[in-house]
Amino acid sequence: MKSNVLKVVVASTNPVKGKAALGGFQRMFPQEQFELVAVEVPSGVADQPMTNEETWQGARNRVMNAKQAYPDAHYWIGIEGGVEELEGELASFSWVAVCTGDKWGKARSGMFFLPPAMTELIAQGVELGKANDQVFSQLNSKQKGGAIGMLSDGALDRKELYEQAVIQALVPFKNPELYWPKAGEGSATP
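About the thresholds
Residue positions are counted from 1 within each chain, in the order its sequence is given. Only residues with pLDDT of at least 70 get local features here, since the model is predicted, and only at 80 or more are side-chain atom pairs given and counted; chain-wide, interface and lining totals rely on the full set of residues. Only hydrogens and water are set aside; all other atoms, that is, all heavy atoms of the structure, feed into the side-chain values. Among buried residues, those of type Ala, Val, Leu, Ile, Met, Phe, Trp, Tyr and Cys that are joined through side-chain atoms within 4.5 Å constitute a nonpolar core. Any residue under 20% of the maximum accessible area for its type is buried, any over 50% is exposed, and the rest in between are partly exposed; the area is computed with a 1.4 Å probe on protein chains only. Segments assigned H or I by DSSP are reported as helices when at least four residues long, segments assigned E as strands when at least two residues long, and all are numbered from the N terminus. Here, residues are in contact when the closest pair of their heavy atoms is within 4.5 Å. The rule for a salt bridge is simple: a side-chain nitrogen of Lys or Arg has to be within 4 Å of a carboxyl oxygen of Asp or Glu.

### Details of the nonpolar core
In globular proteins that are soluble, nonpolar side chains generally tend to be buried together.
And then number 1: Phe25, Ile77, Val96, Val98 and Leu170 are the most contacted members of the largest nonpolar core, which has 24 residues in total.
And then number 2: Every element with two or more residues in this core is listed here: β1 (5–10), α1 (15–28), β3 (75–86), β4 (89–100) and α6 (158–174).
And then number 3: The greatest single-element share of this core, amounting to 7 residues, is contributed by α6.
And then number 4: Ignoring any residue separated from it by four or fewer positions in sequence, one finds Val96 in contact with Trp56, Ile77, Gly78, Ile79, Gly105, Lys106, Ala107, Tyr162, Ala165, Val166 and Ala169.
And then number 5: Grouped together as the second largest cluster of nonpolar side chains are 16 residues, Val63, Phe93, Ala97 and Trp104 included.

Below, the structure written as structure tokens:
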């Protein structure tokens, strides 16, 4: 018996975010089929979020805006990359927000520290993807391996980093009886 195709709206047209979203859903729910719809929506935060809270807000806003654009989907997902200063260094990470109905999953990716050259460019107002392009003489690296891909020489890329966070954000949907034991208990907002 063939299952229905579930529509997943990713709140970005960046192919890395789309591949990470689809990969996470496929790994968590291998028995399901998914149709991915990419939509460009505003994050409502700076192009380069500078705090954990601002980055989370961007992921959440993306979901809410994607929900308005495609209200008939099964899932909406927002992925927002950000940075935050920690002990005088700048760390990079992302937040993932996933929503279906009134149920939310959320997770933060692994974090890594940026080299001084990138940190200086970001301090001057340059977005991380463009800072990475300048430091490594690349073009549009954020739609490829990203900073982590360049810094790790390909051992880990942006898609893999995001996909792990997508999987983590989907944990409540894989285990609904543990997260939402009674019908209607889901929070309307994360």
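### Description of the pattern of salt bridges
And then number 1: Enumeration according to the criterion identifies 5 salt bridges in this entry.
And then number 2: With a shortest N-O distance of 3.5 Å, Asp72 and Lys7 are connected by a salt bridge. In this pair, Asp72 sits in the loop between α2 (52–69) and β3 while Lys7 sits in strand β1, placing the two residues 65 residues apart along the sequence.
And then number 3: Judged by relative accessible area, Lys7 falls into the buried class, the value being 17%.
And then number 4: Linked by salt bridges that have partners in common, Arg27, Lys159 and Glu163 make up one network.

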